[in-house]
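# Summary of structural features
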Amino acid sequence: MTYNLIIIGAGPGGYEAAIEAAEKGMKVALVEKDKLGGTCLNRGCVPTKTLMHTADIARELRDADIFGVNVSDYSVDASKMQERKNQVLDTLRSGIAALMKKGKIDVIEGHGVIEGPGKVRVGEDVLETENILIATGSKTFVPPIEGVDTPGVVTSDVILDKADGIYEHLVIVGGGVIGMEFASLYAALGTKVTIIEALDRVLAPLDKEISQNVKMIGKKRGMEIHAKAMVEKFEAGADGKLVTFYREKDELQSVESDGVLVCIGRRANTDGLFAEGVSVEMDRDKIVVNDKYQTSMPGVYAIGDVIGGIQLAHVATAEGRNAVAIMNGEEPSICMDVVPSCVYTNPEIATVGITADEAKAAGRDVVAKKFIMSANGKSVLSNQERGFIKVVADADTHKIVGCQMMCARATDMIGEMAVAISGGMTLEQVAATIHPHPTFVEGIGEAVR
């Protein structure tokens, strides 16, 4: 069988590119060694947020008396949480499979190996194609810390499938997006959470005010956050406990827990991707591409986590669609200059564009407008934690260049600001748009005034 396009990797970048290519009349094969949906659907975005939804329900039940609802008793069943999560994943995988069938896309199970331009081997079969698109994503990074292989020390892949009860005390190594999402999840379930972060603050790449608020809310919820702290080793302790040794302020300290989650980043997944003697230009673990997603091998493209950059599912999807357009001699339709980013803690965090500090560091004169969400009616009536919406605009033109939110439904609302930035809209133009009341989104209208 000869194809116009063979895609290796069926995550959001791969399967969405397959749909796009099929709609353009290309004969497409999608090669996947695991399950449809990739990391996002099976070991990342969707299962995490499914479990977090359960955690949010538990938090609401715990605080239900505030709203006049008396809940005498409730419990969290870890095995049923897993059942629910697996139901969600099965439903979404079935949906993707239906889309593949509708687009007449050949889904081939197995490990795809590139043997050269236009040739992909899957098992004993060698498939020929005009174009190859690499969308193999990333994998969890396990750091070379002494004792990291101690039973009970796990990565995010493993902890997502935990069905044998809720941790009493969980140590999380890494205060980035993944670490803080799991911290929010387990704190809501009643777990004591200790976070150890090497940088000077959690969620360090984000606006400083967001990090400060996360720390304050976390402390209120019983979290311990140790910044500027380096983990040195893990050991098995007494009574099934784990001991994490870390250095903070030049002093070696330790903490006991019944679980340790290590989440300090991901690495591009190129394991076994190329046959012996076959390669493309690499930058350490990442595949190098040009501005058209082309690798150094003719007819071979790459997108998503495997090329580095912003490791988000929606970025991979956009890159995949743009790469397919380029293969067909068309101009890419999706602007990659404006990328919203979301953190599904409670409260939610969402950002797009640049912060005021980043603008000033780049020598840009900006104004920052901020609205405190404690004055938002929907936030008050639903008993939300402290939060804010901050909009950054050019000082002269008032064109919006960035937005940072930390509040309920931030991940849903950030899309409005992404559209505003992409469209070159000003503070006044967004302010001239009526935002409905009472809603969380009217906080945007207040912020831009």
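Residues numbered from 1 in each chain as written. Predicted model: local features only at pLDDT ≥ 70, side-chain atom pairs only at ≥ 80, totals over all residues. Heavy atoms only, no water.

A count of helices and strands for the protein chain gives 13 helices and 24 strands. Computed over its C-alpha atoms, the radius of gyration of the protein chain comes to 23 Å, within 12% of the 22 Å expected for a compact globule of 449 residues. Reported as C-alpha extents along the three principal axes, the dimensions of the protein chain are approximately 65 × 65 × 45 Å. Per-residue burial over the protein chain gives 52% buried out of 449 residues. Total accessible area on the protein chain stands at roughly 21,300 Å², and carbon and sulfur atoms take up 49% of it. Taken as two groups, the 47 positive and 63 negative side-chain charges of the protein chain have centres that lie 3 Å from each other. (Helix = DSSP H or I, 4+ residues; strand = E, 2+ residues; numbered from the N terminus. Rg over C-alpha atoms; globule rule 2.2 N^0.38 Å. Buried < 20%, exposed > 50% of the residue type's maximum accessible area, 1.4 Å probe, protein only. Areas by Shrake-Rupley, 256 points an atom, 1.4 Å probe, with all protein chains shown as cover. Lys, Arg positive; Asp, Glu negative; His and termini not counted. Charge placed at Lys NZ, Arg CZ, Asp CG, Glu CD.)

Let us now look at the packing of aromatic side chains. Throughout the structure, instances matching the rule amount to 1 aromatic pair. Taken together, a centroid distance of 5.4 Å and an interplanar angle of 55° make the contact between tyrosine 167 and tyrosine 186 tilted. Taken as a pair, tyrosine 167 in the loop between α5 (156-159) and β9 (169-173) and tyrosine 186 in helix α6 (residues 177-188) lie far apart in primary sequence, 19 residues in all. Over the face of the ring belonging to tyrosine 167 we find lysine 162, whose NZ or CZ atom lies 4.4 Å from the ring centre. Against the face of phenylalanine 141 rests arginine 267, its NZ or CZ located 3.8 Å from the ring centre. (Phe/Tyr/Trp six-rings, centres within 6.5 Å; stacked < 30°, edge-to-face > 60°. Lys NZ or Arg CZ within 6 Å of the ring centre and 35° of its normal.)

By the element assignment, threonine 355 lies in the loop between β21 (349-353) and α9 (356-361). Assessed through its relative accessible area of 10%, threonine 355 is described here as buried. In this structure threonine 355 touches Asp207, Val392 and Gln404, once residues within four positions along its chain are discounted. (Contact = heavy atoms within 4.5 Å.)

To continue, consider the layout of surface pockets. Quantified by volume, the second largest pocket comes out at close to 900 Å³. Of all the secondary structure elements, the ones that give two or more residues to the lining of the second largest pocket are α3 (45-62) and α11 (410-422). Among the elements that take part in the lining of the second largest pocket, α3 stands out by supplying 8 residues, more than any other. When its residues are assigned to classes, the lining of the second largest pocket shows 8 nonpolar, 7 polar and 12 charged. (1 Å grid on protein atoms, 1.4 Å probe; cavity = no way out; pocket = protein on both sides within 12 Å on 5 of 7 lines; lining within 4 Å. Points joined across faces, edges and corners; volume = space filled by probe spheres on them. Nonpolar A, V, L, I, M, F, W, Y, C, P; charged D, E, K, R; others polar.)

We now examine unusual backbone geometry. Of note, the bond from asparagine 346 into proline 347 is cis; its omega dihedral lies within 30 degrees of zero at 0°. Mapping proline 347 onto the fold places it in the loop between β20 (341-343) and β21. Between histidine 437 and proline 438 the backbone carries a cis peptide bond, its omega angle lying at -5°. Structurally, proline 438 can be placed in the loop between α12 (427-431) and α13 (442-447).

A few words on helix α8 (residues 313-327). Between its terminal C-alpha atoms α8 stretches 21 Å, which fits the 21 Å expected from 15 residues at 1.5 Å a residue. Of all the 15 residues making up α8, 12 are buried; the element is thus mostly covered by neighbouring parts of the structure. Buried-residue contacts for α8 involve β1 (2-8), α1 (12-23), β6 (125-134) and β19 (300-302). Just downstream of α8 lies glycine 329, where phi reads positive at about 75°. (Expected span 1.5 Å × (residues − 1).)

Turning our attention to the environment of valine 262. Inspection of the secondary structure puts valine 262 in strand β15 (residues 259-262). Note on valine 262: relative accessible area 5%, which makes it buried. With 91 residues separating them in the primary sequence, valine 262 and valine 171 have C-alpha atoms 8.5 Å apart. Sequence-distant contacts of valine 262, that is, excluding residues within four places in its chain, are made with Pro143, Val153, Val154, Thr155, Ser156, Val173 and Phe234.

Moving on to the sheet that holds strand β14 (residues 251-257). One open sheet accounts for 3 strands, arranged β12-β13-β14; its pairing is antiparallel. Of all the strands in the sheet, the pair left with one neighbour each is β12 (229-236) and β14. Put simply, the sheet's adjacent strands are angled 25° from each other on average, direction ignored. As paired strands, strand β13 (residues 242-248) and β14 are joined by 7 bridges and run antiparallel to one another. By the bridge assignment for β14, phenylalanine 245 is matched with serine 254. (Pairing = 2+ DSSP bridges. Axes fitted to C-alpha atoms, helices over the stretch in contact; angles between N-to-C directions.)

The next subject is the pattern of salt bridges. Pairs may arise between side chains of opposite charge once their charged atoms sit close together. Tallied over the full model, the rule gives 22 salt bridges. Across the salt bridge formed by glutamate 224 and lysine 192, the nearest N and O atoms sit 3.8 Å from each other. Placement of glutamate 224 in strand β11 (residues 224-226) and of lysine 192 in strand β10 (residues 192-196) is noted, with a sequence separation of 32 residues between them. The partly exposed category is assigned to glutamate 224, whose relative accessible area is 34%. For lysine 192, a relative accessible area of 39% translates into the label partly exposed. Linking aspartate 207 and lysine 390 is a salt bridge whose minimum nitrogen-to-oxygen distance equals 3.3 Å. With aspartate 207 in the loop between β10 and α7 (208-220) and lysine 390 in strand β23 (residues 388-394), the pair connects residues that are 183 residues apart, well separated along the chain. Considered together, aspartate 207 and lysine 390 belong to a single accessibility category, that of buried residues. (Salt bridge = Lys/Arg side-chain N within 4 Å of Asp/Glu carboxyl O.)

The analysis is restricted to geometry; functional conclusions fall outside its scope.
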